[in-house]
Amino acid sequence: MTSKEVCDLRVRFAPSPTGYLHVGGARTALFNYLLARRFNGVYVLRIEDTDVARSDKTFEMNLMETLKWLGLHWDEGPDKGGSYGPYRQSERLRIYREYAETLIKEGKAYRVYAYPKEIEALREKMINNGVAPHYNREMLEAFSTEKRRAEYKEKGLQPAVYFSMPRKQFFLKDMVKGEIVFSEGSVGDFVLLRSSGIPTYNFACVVDDTLMKITHVIRGDDHLSNTVKQLAIYEALGANPPQFGHVSTILGPDGKKLSKRHGSTSVEEYRSRGYLSEAVVNYLALLGWSSPDAKEIMSIDEMISKFSLDRFSKNPAIFDPKKLKWMNSHYIRAMKPGELLLRLKPYIEQCDYEVKHENLEGIIEVVKERIHVLTDFCEAAEIFFKKPSQLPDINSELISVFLNCADRLQKLQNWEKMNIIKVFKEVLKHHKVKRKEFYSTLRVLLTGKNEGPELADVVCLLGRDEVVSRVRAIGRGEQCSE
RNA sequence: GCCCCCAUCGUCUAGCGGCCUAGGACACUGGCCUUUCAAGCCAGAGGCAGGGGUUCGAACCCCCUUGGGGGCGCCA
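Below is a summary of the structure that appears in this document.

Thresholds, definitions, all that
- Residues numbered from 1 in each chain as written.
- Chains lettered and ligands numbered in written order.
- Predicted model: local features only at pLDDT ≥ 70, side-chain atom pairs only at ≥ 80, totals over all residues.
- Heavy atoms only, no water.
- Near = heavy atom within 4 Å.
- Polar contact = N/O pair within 3.5 Å; in protein donor to acceptor, adjacent residues only side chain to side chain.
- Helix = DSSP H or I, 4+ residues; strand = E, 2+ residues; numbered from the N terminus.
- Nonpolar A, V, L, I, M, F, W, Y, C, P; charged D, E, K, R; others polar.
- Core = buried A, V, L, I, M, F, W, Y, C linked by side-chain atoms within 4.5 Å.
- Buried < 20%, exposed > 50% of the residue type's maximum accessible area, 1.4 Å probe, protein only.
- Contact = heavy atoms within 4.5 Å.
- Axes fitted to C-alpha atoms, helices over the stretch in contact; angles between N-to-C directions.
- Parallel < 35°, antiparallel > 145°, perpendicular 65-115°, else oblique.

### As for the protein's contact with RNA strand B
Within the structure, RNA strand B sits among 64 residues, and Asp51, Arg123, Arg194, Lys256 and Arg370 are positioned closest to it. For RNA strand B, the backbone makes up 73% of the atoms found within 4 Å of the protein, where backbone means sugar plus phosphate. Contact distances for RNA strand B include 3.1 Å between a phosphate oxygen and a backbone N or O atom of Ile318. At 3.5 Å, a side-chain N or O of Arg333 approaches a sugar or linking oxygen of RNA strand B. Elements that contribute at least two residues to the surface near RNA strand B include exactly α5 (116-128), β4 (160-163), β6 (178-182), β11 (317-318), α13 (321-334) and α19 (435-447). In the surface near RNA strand B, the residues fall into 21 nonpolar, 18 polar and 25 charged.

### A look at the nonpolar core
Ranked by size, the top nonpolar core spans 107 residues in total, and within it Leu284, Phe312, Phe319, Phe384, Phe438 and Leu442 carry the most contacts. Tallying contributions element by element places helix α2 (residues 23-38) first for this core, with nine residues. In this structure Phe438 touches Val401, Phe402, Cys405, Phe424, Val427, Leu428 and Val433, once residues within four positions along its chain are discounted. Of all hydrophobic cores here, the second largest spans 37 residues; its members include Leu103, Phe190, Val206 and Leu224.

### What about the packing of helix α14 (residues 337-348) against helix α15 (residues 360-367)?
Running from N to C, α14 and α15 point in directions that differ by 95°, and their axes come no closer than 10 Å. One way to sum up the angle between α14 and α15 is to call them roughly perpendicular. Of α15, the residues touching α14 (which contributes Pro337, Gly338, Leu340, Leu341, Leu344 and Ile348) are Leu360, Glu361, Ile364 and Glu365. Class assignment for the residues of the contact of α14 with α15 results in seven nonpolar, one polar and two charged.

What follows is the structure, given as C-alpha cells:
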C-alpha cells in the first residue's frame, strides 16, 4: 500500500438491520476496523436498510450496541454524522434516483414495465430450457408496450429500472483472492431501482461507496460473484471502484454456511452466554487472518499494530466453538478480579442466591481459574453463599477430628490462608487420619462437593463463623439422628 | 444448468521452489504437579485430496479429476 493511499484510506462496515449481528458480520466489521486503525483511515458505519420488509429499527439499534460492545467504534455513522451522510440508505433514496435517471439518459439503464410475476415466469422458463436465467434489454423491453405504459400510468405504478450489463469481460484484482476474470455473459441485466423506487443492494452500495469515498472494502466472499455487477456500475458511473478484499465465509461444523441450526451464530448470543468481547474479537480475527509472529492471543491494539492485507487465508473457515470457549476462559483467567467483577455484574444478578460478601473479589480470584464463561460463575461460586444441602456420611471418629479442627479454627489468631494451613497440619499431626481423607472429607463437609478451589482458600474466604458453623453441623446432625 | 471461489493434522492455521523428518494453536491421549477439580508443565497421536506435468529439486508453479463453498432475486 502506498503512502498516498494510506492517508486517504476510508473503509466501511455496511450491515443490513435485518437481524442480530452475525459472527461473520462481526468479523467483517473487525477486519475493516483493523484496516482503518492500522493505516490511520476513517471507519464508516452505513446502514443498508433497503429491504423494507425485513429491516427493523430495533435491529439497527442492536447492531450498533453490539459493535460498541466489541469495541469497534466508528468515526462516521448514522448516530455520529460525518461529511458524507446521511449514513442510512433509506435516507438517501433521492440520490439513488438521480443516479438512476442519469444512467437512463445515457442509455446505460432502462425502465421495465413488467410485473414481478412476469419476470418470474420468464426466469423459470429459461431455467427449464436449461439456459442461464439472464435477462437482456430486448426481452425485458418487450413488456413495455404502449398499452402497458398507459396501464402503469393509470394505476400510478412506477417501472423498475434495469441496468444494461455490458457484454464484455471484467477484471478484478482482489486483495485476498488475487486476479479474477469474469467472463462475458456471466450475468445478465439486473434491477437497479425497484418499482417501489428503492434501490437494490448492488446499486445503493456502489453509489454510496463512491460518494462516501470508500477506498477499501473487505467483505465476505459470498459477494464475490456479485462484484462483477458492481464493477459494471462503477464503470457506467465513471467512478473508480475501491480495492476489494473478499474474505472466505465462515462455515458451520458440517461445512455449510454457518446458520442457526449450528447453534449460536449471533454475537449477541455469545455475549449473553457469558463470553467476553476480547475473546470474541480475538477468536474472530483468527478466522481467515493470522498474525505474522504466529501469536494467537492478542488484544485489539496488538491486532491493529500487526494487521496487514497479505495475511488473509483464502480457504473457508469452520467456526470452532471449542476454541472460542478456550480463549474465553483464557481471558477470564488473565483478567484482574476487579475488572472481572464489573463484567460479572449482570450474571451475578441472575444467580438464584444472594451474592453478598465482604471479599467478593477474593472469591472471583479463586473461582475465575475454573470457569469458561461468565455464566459459569453462579454455579462455581455457589459454595461460598449456600450451605451444603447434604452432610457427608462419616464415622464418629472422623467427626471428632473435624470438631477439633473447628475448635482450633475458632481460636485462630489471624484468619489468614497460611495460618489456616497450619491448623490443618496440626490437626493431621494430632489425629490418626489420612491426609487425603481429611482434606477430601472436609471439602465435602464444607461445600457439599468433590471438587473446587484450593481448600485453604475456600476456608479463608468462607470466614471463621461460617466455617465453624458448617463444620459443627456434622456434630449437630449426629445428635439429631440419635 | 451456467459462472466464480477454495483445497496442509478432526478444527483454525504457518509455509509463499531447497531451511519440511511439514511448525504452532484448539480438541484428543498419556504423564508430572496437587488435598479435589481446573489451570499449568512435559510427552504422544494426527495432515500436504488424487493424477499428470515444469524443475537438479515441489506442500509451494501449471493442467486435469475429485471434493467442498458461494452466486445466477424487484434479498443483502
